[in-house]
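# Examining the three-dimensional arrangement
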Amino acid sequence: MSEMTYAEAVRSALAIAMEQDERVFLMGEDVGTYGGAFGVTGDLIHRMGAQRIRDTTISELGIVGMGVGAAMTGMRPVVEIQFSDFSAQAMDQIANQAAKIHFMLGGAVSVPLVIRAPGGSGTGAAAQHSQSLEAWFTHVPGLKVVMPATADDAKGLLLAAIDDPNPVVVLEHKLLYRTSGPVREGAERTPLGVAAVPRRGTDLTIVATGVQVSRSLEAAEQLAQEGIEATVVDPRTLKPLDEETIAAEAIATGRVLLVQEAVRTLGFMSEVAALLSEGEAFVHLKAPIRRLTGLDVPIPYAPQLERAVVPQVEDIVAAAQTLVREW
Amino acid sequence: MNAPKIAEDAGRARESLRTMWRIRRFEEAVEELYGRGLMHGTMHLSIGQEAVPTAVCQTLRRDDYITSTHRGHGHCIAKGADPESMMAELLAKETGYCRGRGGSMHIADTATGNLGANGIVAGGVPIAAGAALSASMRGTDQVAVCFHGDGALGEGAWHEAVVLAAMWRLPVVFLCEDNHYGMSMSSRRAFGLADLSDRARGYGIPGVSVDGNDLQAVHDAAAEAVGRARAGEGPSLVVATTYRWRGHSKSDKNLYRTREEIEEWRAQDPIVRFERAVLEAGTLTATDLEQIGQEVRSELRTAVQRAHAAPDARPDDLLESVYAEVDA
Ligand SMILES: Cc1ncc(C[n+]2csc(CCOP(=O)(O)OP(=O)(O)O)c2C)c(N)n1
Ligand SMILES: [Mg+2]
């Protein structure tokens, strides 16, 4: 284990994948000399060369589409969408091409493409640079979707995504880039489709994604001081989803709080709630499933407004208290 | 051109200087507030590019439209916005142009025809073409000017909007501010053209490049393109070559360019160049110039103070802010 930031962990995974497999290369806006808008690629261009760390024009549709073409023909491209919001520009290539080609062609080819995209609010970048769009991608059959919440998973999930023969969307969170944590040495993978349970308690089960995982863990610490013990589940991969772990942890406490930064309506946690309601967990629940989500509004600019529209630690604490006390 | 030069007309020279200084001082104030941690979010400053919006907006009427970009403070000011309401927006105040919801990247003053800055590169290009379509369908002679950066030329949206505008001969001017870089990507490297206005030929529309730090040159090229649009002769591409003095945004380490290059362009300061032209023409005196500078400085100081004192943007009606009200 060594301590590194989430951004360094992503960079480390990219470097390892490129060293291990000459088919792996990177394309994106300002990923070369500039080092990436969030400093993620850093000095990679000096280590790997401009052939493999390719600065593009501002052309998201072209970037992803060329990734699809390269992936279909023997390469292992990793493309970066500078802000996940700009996946909107590239959506045809993501949803209509990358996701469907393997199926439409009867399995004759696959599209081993990784799309990395930072998402999330908290930086004052307002409505077009702050969204949490995981539901868009999770809604499209053919895509795999991961949301690393720790530095170790940022590295491990990315390595697994690059190995995978399918298009994988890796949604990193901007606020996490500078956070650090212990990261396994070498080329250790975090398998896709396996949830993490970073904390276990007896009173309720919090399922959270992205930046809400660390917020939930912080909330759990506060709750523990008043005698409420929470389990925290981080699905890590949204598609394919580790339904078993989520259901088992829900059954173990009988109370479920689902926390996401994304807007409420038809969000990823709506799906988790539906799965739990349909499954065995339902009969073990002591309380209705509760969602704590972003408000159904675009992310506003003003800091006091921006904070108000996505769940904060104190909101998680309050929601958990209500759930445990009232049920 | 036989028309009198701006520098030779005291009134127009004064107005031009006021606008350019207003933009520069506004940007400097933003930079300072940001540096002191008093401003949230990110910022894209247009210092060094002031002549472009100043000159272009002089060729427009108040009811003409513009679309703007992430680097949009200059466009907004030049089209006639009030710096105090802009500053209030950036300071997250209820009195800001967007009630604190938009910030720098979405600032807009629709009353003066500014349909908005945009956080999406080339996001405003089809919107400008659409405003031009609307003007022509409504039978007005309004014109839309689409300010965009060189980087926008890489986007599919730019291509599609220009194709449609050309087909329908819409009253729109695509005004490319070529400040040499799209973030770190050099526009020369990106597009392989010595003259970016060569692009226009492939779309069947007129294209011209001008020295974007020469107020008069930008004005003349814009006047011609706007005139053509207003006369129903269709869209044009005007490329104003200029330079961004500051980093792309707060996080730029300038690894992709040299200090010497930046210095070379600072020596081409569009405001200094215009002041020199005014002095040479004998239209205004050095004392006049000094006075204009002072006036703008105190105007901006007041704007910042008043913006600071305004009430903070309120979160209570956020949910009600998403949809327009349906008429009863
Ligand atoms: C669709 C999209 N892609 C990428 C970005 C990130 N980005 C913001 S500004 C910018 C550079 C734009 O360059 P240019 O159009 O030349 O304008 P300038 O910044 O030079 O004024 C980039 C890459 C964005 N905002 N939108
Ligand atoms: Mg540019």
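Numbers given to residues run from 1 along each chain, matching the order in which its sequence is written. Note on labels: chains are lettered from A, ligands numbered from 1, in written order. At least 70 in pLDDT is required for a residue's local features to be given in this predicted model, at least 80 for side-chain atom pairs to be given and counted, and no such filter applies to totals for whole chains, interfaces and linings, which use all residues. Side-chain numbers come from the whole structure's heavy atoms, not from hydrogens or water.

## Some thoughts on the side chain of B:His106
What counts, and what does not: Strands here are runs of E lasting at least two residues and helices are runs of H or I lasting at least four, both read from the DSSP assignment and numbered beginning at the N terminus. Exposure is judged per residue with a 1.4 Å probe applied to protein chains only, and the accessible area is read against the type maximum: over 50% gives exposed, under 20% gives buried, and values in between give partly exposed. Only heavy atoms enter the contact rule, under which two residues are in contact if any of them lie within 4.5 Å.
In this fold, B:His106 is placed in the loop between helix 4 (83–90) and helix 5 (124–137). Using a relative accessible area of 16% as the deciding quantity, one classes B:His106 as buried. Other than its neighbours up to four places away in sequence, B:His106 contacts A:Ala125, A:Ala126, A:Ala127, A:Gln128, B:Cys98, B:Ala117 and B:Gly119.

## Focus: unusual backbone geometry
The omega torsion across A:Lys239 and A:Pro240 is -5°, close enough to zero to call that bond cis. Position of A:Pro240 among the secondary structure elements: in the loop between strand 12 (237–239) and helix 9 (243–253). One non-glycine residue, B:Ala92, lies in the positive phi region at around 65°. Looking at the secondary structure, you find B:Ala92 in the loop between helix 4 and helix 5. With a phi angle near 80°, B:His180 is a residue other than glycine that sits in the positive phi range.

## What about the UniProt feature "domain: Dehydrogenase E1 component" (unreviewed entry) in chain B?
What counts here: UniProt positions are given in the numbering used here, feature names are shortened, and annotations may be inferred rather than shown by experiment.
The sites that carry the UniProt feature "domain: Dehydrogenase E1 component" (unreviewed entry) are, in the present numbering, residues 19–315 of chain B. Between the C-alpha atoms that bound residues 19–315 of chain B the distance is 34 Å, and the span itself is 45% helix and 10% strand.

## Re the site of ligand 1
Selection rule: Summary of the distance rule: residues count as near a molecule or strand when at least one heavy atom falls within 4 Å of that molecule or strand. Polar contacts, as counted here, are pairs of nitrogen or oxygen atoms within 3.5 Å of one another; within protein the pair requires one atom able to donate a hydrogen and one able to accept it, and residues that are adjacent in sequence qualify only if both atoms are side-chain atoms. Residue type decides the class: Asp, Glu, Lys and Arg count as charged, Ala, Val, Leu, Ile, Met, Phe, Trp, Tyr, Cys and Pro as nonpolar, and the leftover types, Gly among them, as polar.
Around ligand 1, 22 residues are found, and the nearest of them are A:Glu60, B:His70, B:Arg71, B:Gly119 and B:Gly151. A distance of 3.0 Å is found between an oxygen atom of ligand 1 and a side-chain nitrogen or oxygen belonging to B:Asp150. Partitioning the shell around ligand 1 into residue classes produces seven nonpolar, ten polar and five charged.

## Brief notes about the pairing of strand 13 (residues 256–263) of chain A
All names here are of chain A. The condition that has to hold: Between any two strands, at least two bridges found by DSSP are needed for them to pair.
The element strand 13 is extensively covered by neighbouring structure, given that seven of its eight residues are classed as buried. Two elements, strand 10 (residues 204–208) and strand 13, share four bridges in a ladder whose sense is parallel. Bridge pairing in strand 13 links Ile-206 to Leu-257. The pairing of strand 13 with strand 14 (residues 290–294) spans four bridges and is classified as parallel.

## Some details on the sheet that holds strand 2 (residues 144–149) of chain B
All names here are of chain B. Where we set the bar: To get an axis, a line is fitted to the C-alpha atoms, and for a helix only the part in contact is used. The angle between two axes follows their N-to-C directions and goes from 0 to 180 degrees.
Within the open sheet, the five strands sit side by side as 1-2-3-7-6. Their pairing is parallel. The open sheet has two edge strands with one neighbour each: strand 1 (65–67) and strand 6 (207–211). Going across the sheet, the axis of each strand differs from the next one's by a mean of 20°, ignoring polarity. Where strand 3 (residues 172–178) lies against strand 7 (residues 236–241), six bridges are found, and the strand directions are parallel. Considered in strand 7, the bridge of Cys-176 is made with Val-239. With respect to the sheet, helix 2 (residues 51–58) is in contact with strand 2, strand 3 and strand 7, its orientation differing from that of strand 2 by roughly 170°.

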